[in-house]
Amino acid sequence: AGLLYLEQSRAAFSLIDDAERAIRGQEGALTGRVRLSVPTTYGHYRLPALLCRFTRQYPQVRIQLDVSDALSSLAAEGYDLAVRHGFQVPETHVAWKLCDTGSVLVATQDYLQRHGEPREPGELSTHNCLFYPRGTDQPAWTFERGTKHVERLTVPISGSFATNNSEALRDSALNHLGIALLPDFSAHAALASGKLVQVLKGWTLKGAFADEIYLIRPYSPHVPKSVSALVNYLKDKLSGGFR
């Protein structure tokens, strides 16, 4: 009986809570807590510094950052916002595109000096390829080049290391293990510093990772000012990409 009462009254109490938050959020200075869910790489890369600057600007706002690659249900788990990489936005959510993104093949100069640098995608069959596993299928990478007459190749690859975390793939490449396929934001710092170099620059990788990054929130008729302020802040800071 108690569980039945709790379940049937949950929605009413949730509406009361939303109303109180809306009232608090519209009055005076920005206050309250904002819960933000982000994928692991974003949580470790640029977001912490941005969020620290936001909280210095609005010291009465508390940010709770959840870093996970699991696609949490925002409304069910109480999140106000989320960053999603190529996420299929539900109709019950509001979304803003932050930036485009892409995929790159990278390796260290040390690895390429020892094993040779591939000039065509087909040459990857002789290399140790570090990849993001996609089910039980034979791993393969798809390449395109050209504009009017597009050349498209799908190349089976193999390697000694696969993981569903782009940071782990990047670090394995940094340790000279092989050629890694990464989202560009994960490889950016290492490429800029020269620790990694891009492989097969003349080709575009297709279908490896999503091409867009979104900021999303569950739909609500009353949005606290602190949430709206963080949305505008992140849109402004990340609209040019994760650079």
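Structural notes, computed from the coordinates. (Residues numbered from 1 in each chain as written. Predicted model: local features only at pLDDT ≥ 70, side-chain atom pairs only at ≥ 80, totals over all residues. Heavy atoms only, no water.)

Focus: the overall build of the protein
The secondary structure content of the protein amounts to eight helices and 12 strands. Within the protein, buried positions represent 41% of all 243 residues. At a minimum sequence separation of 6, the contacts of the protein that also span at least 24 residues come to 78%. As displayed, the protein has an accessible area near 13400 Å², and 51% of this comes from carbon and sulfur atoms. (Helix = DSSP H or I, 4+ residues; strand = E, 2+ residues; numbered from the N terminus. Buried < 20%, exposed > 50% of the residue type's maximum accessible area, 1.4 Å probe, protein only. Contact = heavy atoms within 4.5 Å. Areas by Shrake-Rupley, 256 points an atom, 1.4 Å probe, with all protein chains shown as cover.)

Remarks on helix α8 (residues 225-238)
In a regular helix each residue adds 1.5 Å, so 14 residues correspond to 20 Å; α8 covers 20 Å between its end C-alpha atoms and thus fits that length. Buried residues of α8: Ser226, Val227, Ala229, Leu230, Val231, Tyr233, Leu234 and Leu238, and no others. On its buried face, α8 is in contact with β1 (32-38), α3 (47-57), β2 (61-67), β3 (81-85), β4 (93-100) and β12 (212-218). (Expected span 1.5 Å × (residues − 1).)

Concerning the sheet that holds strand β8 (residues 151-156)
Within the open sheet, the three strands sit side by side as β8-β7-β11. Their pairing is antiparallel. The sheet is open, and its two edges are formed by β8 and β11 (204-206), each paired on a single side. Adjacent strand axes in the sheet meet at a mean angle of 35 degrees when their direction is disregarded. Pairing between strand β7 (residues 140-145) and β8: six bridges, direction antiparallel. Its bridge partner being in β8, Trp141 is matched across the sheet by Val155. (Pairing = 2+ DSSP bridges. Axes fitted to C-alpha atoms, helices over the stretch in contact; angles between N-to-C directions.)

Focus: the pattern of salt bridges
Counted according to the given criterion, the structure contains seven salt bridges. The residue Arg114 makes a salt bridge to Asp110 at a minimum N-O spacing of 2.9 Å. You can see Arg114 and its partner Asp110 sitting in helix α5 (residues 109-115), four residues apart, about one turn around the helix. Among the salt bridges present, the one from Arg145 reaches Glu151, with a minimum N-O distance of 2.9 Å. Overall, Arg145 belongs to the partly exposed group, its relative accessible area being 33%. One network of salt bridges, in which partners are shared, links Lys97, Asp100 and Glu212. (Salt bridge = Lys/Arg side-chain N within 4 Å of Asp/Glu carboxyl O.)

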